[in-house]
Amino acid sequence: MTSESTNVGALPRARSCAVLTHEGGLHARPAIKLTQLAKRFESTVWIALAEQGPWTDAKSIARVMAMKTPHMATLYFVAEGEDADAATAALVNLVESDFADDDNGR
Amino acid sequence: MDGDTTAVICLRGTSVSPGLARGPLIVVADDTHSASREPGSAEEESARMHAAIAAASVELEALMERAGDDDAQTILAFQVAMLADPVVAEPAFAAIGRGDSAEDGWHAAMRLQISQYHEADDLYFRARASDLRDMRDRVLRKLNGAAATPIAPGSIVVAADLPPSRFLEIAWDGGGVALTHGSPNSHVAMLARARGVPMLIGVEDADLRGHSEAIIDTDNAVLVLSPDDKLAVDFASRQQGAEILRAEAARYLHVAAATANGERVEVLINVADAAELDAFDPACCDGIGLVRTELLLRDANDIASEERQYQLYCRILRWADGRPVTMRTLDAGGDKPIAGYTIGGEANPFLGMRGLRLSLLHPDVFITQLRALARAALQGPLKIMVPMVTSPREFDRARALLDGAVVALRKQDIGCARPELGMMVEVPAAALAIDLFEAEFFSIGSNDLIQYVTASGRDSTPLAPLQDPLQPAVLRLIREVVQRADAQGIPVSLCGDMASDVRCIPALLSVGLRCLSVAPPAVARVKAAIARHRVSEPKA
């Protein structure tokens, strides 16, 4: 995982990335978990398969599934909002824990 | 029987979930079309749209509560999440704003979603298109007020295709499914296997009017309409027998196979799709005796991509966890065309360009596969098997291409190992002259061997009686191959349907085979059949 935080504009902004080791790729089950987790944060959260984007709304299951992310792809996250740091950290943790059923997952 | 005089009809299909079922026949038709109506005002249509989506969500959530297993819940959770995502319905509301009906708007919105999946390279994502059609149709039924056809428990359901959420609504209780379309990789096939509901796909079309009862028999891959008394009695006794055998076989699943007098027999599995491995514990088998790579690799993209193939092969080797895995190179042609690769328009494709013949015609494609296999061989004991070999010269050419691919990889400093190279024995010319082939192992492909020995096509129903695997001609030829291979110290196995057919096990053991590769669901019953058999003389 790598991450950085900046605060240039009005809202805090955080970036991070993680490798999708989940077998098969970002299938329905992990994609649902990812969007549900993203929705728990106030921040706007974006996801991409490359550092330069294109960026996708990480709170939309339709958009996240349509990325058709394969196994071993690198997922990049950007969040913008008061809880941006916490959002990117949580998403990276979810991906790196292989979408484990730990906390209040569903 | 109920005394009606409707004639018995047998319709052939392909079995994707095993079992026997008998019950009332229910035909599920497409119920999403409604009479066209004038759209109401934008406000009215928008309210109808909201209400239909909400009602569909409520139904799906109720189904989720009852679904029980993880796979079913994920299928339903995906639809619930999609319905809750404003991105999905947005184009529908936009169209309604322009004066469209809610139905037209929803169709357009779903077309947009579905189009993102049905052309996907990855099979998993491609299969999501059917989940989305399922979701689309549920909302359409809510819009037009149609109730889904009610289905009594224990019914035999016949449909073009059955969406997963419909499947989950039905109390199967001994019933079964016959689809005129369908795919073995679809969610509904997976659910049927997981729940033990017998299922056929690709069933012949027929006029079903007038029939009220049906039998699904996946042993013979037939849907029988209006069975007569004789068929019904036969069915009942087979169902009872199957029940007893299943209970007995389950005891053998986790034990290494051995005959009644303690001679060890290796039982491996045949694999067509990496996904089917997830449901099978590798500890229950001695490895994989046949990976049908032509079914693993679906299209021209897969065939051209060394990297994609390498990933697929590595995944299978990781699953096997140190057990041997025999990968068969592309066996396309015959009844398995691949666009842009196989030759179209052959008068007799089973006697034409297929298997190794095609590979030697397209050496670039063959070398790509050999490179991916040699690289994957670093992950575990991988063997390569070539199909449809007729003459020793063809096999020598395959070996030269493999050796060349390994040398090229080493020159490029790409990690690889030289896998053992063996061949399928399925052409009579090869079987009769087996001692002339310098292969490192042999595997008898009984399906093709039988069709070529008996000169009767595998796809021909009226010729089926000629294709009895237990006839002397076939058994003598198999015995000949096994004895010659044994004399030369070359391992030999059998990987055709014959090995999964428990009636054939005593004969296969008596002709000297000690290694069988079978369909995963057959492992327990094959091991049980081996345990019942006493080998009369020690194998010399």
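For the structure, check the block above.
Residues numbered from 1 in each chain as written. Chains lettered and ligands numbered in written order. Predicted model: local features only at pLDDT ≥ 70, side-chain atom pairs only at ≥ 80, totals over all residues.

Participant: Describe the overall build of chain B, and please don't skip the residues or the numbers.
Facilitator: From N to C terminus, chain B includes 19 helices and 16 strands. For chain B, the share of sequence-separated contacts (at least 6 apart) that also reach a separation of at least 24 residues comes to 67%. (Helix = DSSP H or I, 4+ residues; strand = E, 2+ residues; numbered from the N terminus. Contact = placed C-beta atoms within 7 Å.)

Participant: Account for the overall build of chain A, naming residues and giving values.
Facilitator: Scanning chain A from N- to C-terminus turns up three helices and five strands. Of all 106 residues assigned to chain A, the portion counted as buried reaches 39%. Pairs at least 24 apart in sequence give 69% of the contacts found in chain A among residues at least 6 apart. (Buried ≥ 20, exposed ≤ 12 C-beta atoms within 10 Å, placed from the backbone.)

Participant: Account for the interface of chain A and chain B, with residues named and values stated.
Facilitator: Reports of interface size often rely on the accessible area that becomes lost once the parts have come together. Chain A puts 15 residues into the contact, and the matching count from chain B is 15 residues. Among the elements of the structure, α1 (28–39) and α2 (61–66) of chain A are those that each provide at least two residues to the side of chain A that touches chain B. Element by element, the count of residues in the side of chain A that touches chain B is highest for α2 of chain A, at five residues.

Participant: Tell me about helix α1 (residues 42–67) of chain B, and please be specific about residues and values.
Facilitator: Residues and elements named next belong to chain B. Over its 26 residues, α1 runs 37 Å from end to end, which matches the ideal 38 Å to within 8%, given 1.5 Å per residue. The complete set of buried residues in α1 reads Glu45, Arg48, Met49, Ala52, Ile53, Ala56, Ser57 and Leu60. Those residues of α1 hidden inside the fold are in contact with α2 (70–84), α3 (86–97), α4 (102–115), α5 (123–144) and α6 (164–169). (Expected span 1.5 Å × (residues − 1).)

Participant: With reference to specific residues and values, describe the sheet that holds strand β1 (residues 9–12) of chain B.
Facilitator: All names here are of chain B. Strand order in this open sheet of eight strands is β1-β8-β7-β3-β4-β5-β6-β2, and the pairing throughout is mixed. Edge strands, defined here as strands with exactly one partner in the open sheet, are β1 and β2 (14–17). Adjacent strand axes in the sheet meet at a mean angle of 30°, parallel and antiparallel pairs treated alike. Taken together, the four bridges between strand β4 (residues 156–159) and strand β5 (residues 176–179) define a ladder with parallel strand orientation. Note that in β5 the partner of Ala159 across the bridge is Leu179. This element, helix α7 (residues 187–195), spans β2, β5 and β6 (199–201) of the sheet and lies at about 65° to β2. (Pairing = 2+ DSSP bridges. Axes fitted to C-alpha atoms, helices over the stretch in contact; angles between N-to-C directions.)

Participant: I'd like a rundown of the nonpolar core, residues and numbers included.
Facilitator: In terms of nonpolar packing, the biggest core is built from 93 residues, with Phe77 of chain A together with Trp106, Ala178 and Leu223 of chain B touching the most fellow members. For this core, the domains that each give at least three residues are domain 1 (9–29 + 149–245) and domain 2 (42–144) of chain B. If we skip the residues at most four places from it in the chain, Phe77 of chain A touches Arg15, Ser16, Cys17, Val45, Trp46, Ile47, Ala58, Thr88, Leu91 and Val92 of chain A. Of all hydrophobic cores here, the second largest spans 86 residues; its members include Leu330, Ala377, Ala499 and Ala524 of chain B. (Core = buried A, V, L, I, M, F, W, Y, C linked by C-beta atoms within 7 Å. Domains from an automatic or database assignment.)

Participant: So what about unusual backbone geometry? Which residues, and what values?
Facilitator: For the bond from Gly53 of chain A to Pro54 of chain A, the omega torsion is 5°, close enough to zero to count as cis. Inspection of the secondary structure puts Pro54 of chain A in the loop between β3 (44–48) and β4 (56–57). The phi angle at Lys68 of chain A is positive, at roughly 50°, despite the residue not being glycine. Note on placement: Lys68 of chain A falls in the loop between α2 and β5 (74–80). By C-beta crowding, Lys68 of chain A is classed as buried, having 20 other C-beta atoms within 10 Å. Even without glycine at this site, Asp321 of chain B takes up a positive phi of about 55°. Mapping Asp321 of chain B onto the fold places it in the loop between α11 (306–320) and β11 (325–328). Among the residues examined, Asp321 of chain B registers 10 C-beta atoms within 10 Å and is labelled exposed.

Participant: Got a sec to walk through the pairing of β5 of chain B? Specific residues and values, please.
Facilitator: Residue and element names in this part refer to chain B. Burial along β5 is two-sided: the face carrying Gly176 and Ala178 and the face carrying Val177 and Leu179 are both buried. Of the crossover connections in this fold, the one passing from β4 over α6 to the parallel β5 is right-handed. In this sheet, β6 lies alongside β5 in parallel orientation, the contact comprising two bridges. Paired with Ala178 across the two strands is Leu200, which belongs to β6. (Right-handed = clockwise from strand over helix to strand, strands pointing away.)

Participant: Requested: an account of α4 of chain B, with residues and values cited.
Facilitator: Here α4 of chain B is 14 residues long and its end C-alpha atoms lie 20 Å apart, about the 20 Å a rise of 1.5 Å per residue gives. Looking only at α4 of chain B, the buried set comprises Ala102, Glu103, Gly105, Trp106, Ala109, Met110 and Gln113 of chain B. The arc that holds the buried residues of α4 of chain B, viewed along the axis, is 160°, so those residues lie on one side. More than 90 degrees from the buried face of α4 of chain B, the exposed residues found are Arg111 and Ser115 of chain B. Contacts made by the buried residues of α4 of chain B are with α2 of chain A together with α1, α3 and α5 of chain B. (Arc of directions from axis to C-beta.)

Participant: Before we move on, can you summarise the environment of Leu179 of chain B with the specific residues and values?
Facilitator: Residue and element names in this part refer to chain B. With respect to the helices and strands, the residue Leu179 is situated in strand β5. Taking the number of C-beta atoms within 10 Å as the measure of exposure, Leu179 has 26 and is therefore buried. Put simply, Leu179 and Gly202 are 23 residues apart on the chain and 6.0 Å apart in space, counted from C-alpha to C-alpha. Setting aside anything within four residues of it in sequence, one finds Leu179 in contact with Ala159, Ala160, Asp161, Leu162, Leu200, Ile201 and Val203.

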